[in-house]
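Residue-level structure breakdown
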Amino acid sequence: MDYCSKRSCNPSSPFDCLLFDLDDTLYSSKLGIAEALRNNIDEFLVEKCGFPENKAPSLRVELFKSYGSSLAGLRALGYDIDADDYHSFVHGRLPYDLIKPDSQLRNLLRSITQRKIIFTNSDRSHAIMALKRLGIEDCFDQIICFETMNPNLSKSASPDEFPCSSQAFSRCHESCSSCCRCRSSPDAVFG
């Protein structure tokens, strides 16, 4: 990625880098992206897994609460779900056209001298698409996403090898601490 901020350190800041949450943070939650995502997950549960339409919303919530994501929950329950197919279905149909370029955000990000990292629970394709729509795809040094938190998923031999959310967040915290060259607790990163 090209970086739109200066690479010099800011001696007045105690932080080497900053972690930004992408979804419903850098773009407004009022756009309806999260609602569209929930609808897409519900449709996935019905069309791809065979759950009754009236049960999909409550199942989605339960899977999220119990496993950290619907995909993790489905795999933990024994469903052989390909992550790329899942992400293509639930993110590939999102109304990205609702996300507009944000020059104020871009200018703010350009003024920050620390390394900037973007975080999303979604896949890299989603992160790149949302960042491009915002006009800030070149403002971040790294993307921490689904693939970052699940680096060995493509090598897994069975659905139960999918990491649960606590393992994924632990790996993400390690990745954040490593790339930020800092020591912190997961609460400091995700609190």
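Residues numbered from 1 in each chain as written. Predicted model: local features only at pLDDT ≥ 70, side-chain atom pairs only at ≥ 80, totals over all residues. Heavy atoms only, no water.

Per an unreviewed UniProt entry, the chain is named HYDROLASE SUBFAMILY IA VARIANT 3 putative-RELATED, and its organism is Salix viminalis.

It is worth spelling out the overall build of the chain at this point. Along its length, the chain carries 9 helices and 3 strands. In the chain, the succession of α and β elements from N to C terminus is β-α-α-α-α-α-β-α-β-α-α-α. Taken over 191 residues, the chain has a buried fraction of 41%. A total of about 10,600 Å² of accessible surface is found on the chain, and carbon and sulfur atoms cover 50% of it. (Helix = DSSP H or I, 4+ residues; strand = E, 2+ residues; numbered from the N terminus. Buried < 20%, exposed > 50% of the residue type's maximum accessible area, 1.4 Å probe, protein only. Areas by Shrake-Rupley, 256 points an atom, 1.4 Å probe, with all protein chains shown as cover.)

One open sheet holds the 3 strands; their spatial order is β1-β2-β3, and the pairing between them is parallel. With one partner strand each, in any of the chains shown, β1 (17-21) and β3 (142-144) form the two edges of the open sheet. On average, adjacent strands in this sheet sit at an angle of 25° to one another, irrespective of strand direction. Strand direction decides the pairing type here: β1 and strand β2 (residues 115-119), joined by 5 bridges, are parallel. Bridging from a neighbouring strand, Leu18 pairs with Lys116 of β2. (Pairing = 2+ DSSP bridges. Axes fitted to C-alpha atoms, helices over the stretch in contact; angles between N-to-C directions.)

As a further point, take the packing of helix α1 (residues 33-47) against helix α2 (residues 56-67). Taken N-terminus to C-terminus, the directions of α1 and α2 make an angle of 105°; their axes are 9 Å apart at the nearest point. One way to sum up the angle between α1 and α2 is to call them roughly perpendicular. Contacts between α1 and α2 involve Arg38, Ile41, Asp42, Leu45 and Val46 from the former and Ala56, Pro57, Leu59, Arg60 and Leu63 from the latter. A per-class count over the contact of α1 with α2 returns 7 nonpolar, no polar and 3 charged. (Parallel < 35°, antiparallel > 145°, perpendicular 65-115°, else oblique. Contact = heavy atoms within 4.5 Å. Nonpolar A, V, L, I, M, F, W, Y, C, P; charged D, E, K, R; others polar.)

A few words now on the packing of aromatic side chains. In total, this model carries 4 aromatic pairs according to the counting rule given. Ring geometry for Phe51 against Tyr79: centres 5.7 Å apart, planes inclined by 45°, an arrangement best described as tilted. Of this pair, Phe51 sits in the loop between α1 and α2 while Tyr79 is found in the loop between α3 (70-76) and α4 (83-91), placing the two residues 28 residues apart along the sequence. Given a relative accessible area of 28%, Tyr79 falls into the partly exposed group. Pairwise contacts between aromatic rings join Phe44, Tyr86 and Phe89 into one cluster. (Phe/Tyr/Trp six-rings, centres within 6.5 Å; stacked < 30°, edge-to-face > 60°.)

With 4 of 5 residues buried, β2 lies mostly within the body of the structure. The sheet contact formed by β2 and β3 spans 3 bridges and is parallel. For Ile117, the partnering residue across the bridge sits in β3 and is Gln142. Regarding the hand of the β-α-β motif, the stretch spanning β2, helix α6 (residues 124-134) and β3 is right-handed. (Right-handed = clockwise from strand over helix to strand, strands pointing away.)

With that settled, consider the side chain of Lys116. Mapped onto the elements, Lys116 comes out in strand β2. One buried charged side chain, Lys116, makes no salt bridge at all; its nearest oppositely charged neighbour is Asp141, positioned 5.2 Å away. (Lys, Arg positive; Asp, Glu negative; His and termini not counted. Salt bridge = Lys/Arg side-chain N within 4 Å of Asp/Glu carboxyl O.)

Another point: the packing of α1 against α4. Running from amino to carboxyl end, α1 crosses α4 at an angle of 130°, the nearest separation of the two axes being 8 Å. Accordingly, the angle class assigned to the pair α1 and α4 is oblique. Contacts from Leu37, Asn40, Ile41, Glu43, Phe44 and Glu47 in α1 reach Tyr86, Phe89, Val90 and His91 in α4. Per-class residue counts for the contact of α1 with α4 are 6 nonpolar, 2 polar and 2 charged.

We now examine the pattern of salt bridges. Pairing between side chains becomes possible if they bear opposite charge and their charged atoms approach one another. Tallied over the entire structure, the rule returns 3 salt bridges. Asp42 is paired through a salt bridge with Arg60; the nearest N and O atoms lie 2.7 Å apart. Placement of Asp42 in helix α1 and of Arg60 in helix α2 is noted, with a sequence separation of 18 residues between them. Classification of Arg60 by relative accessible area gives buried; the value is 15%. In this structure, Asp138 and Arg106 form a salt bridge, with 2.6 Å as the shortest nitrogen-oxygen distance. Placement of Asp138 in the loop between α6 and β3 and of Arg106 in helix α5 (residues 103-111) is noted, with a sequence separation of 32 residues between them.

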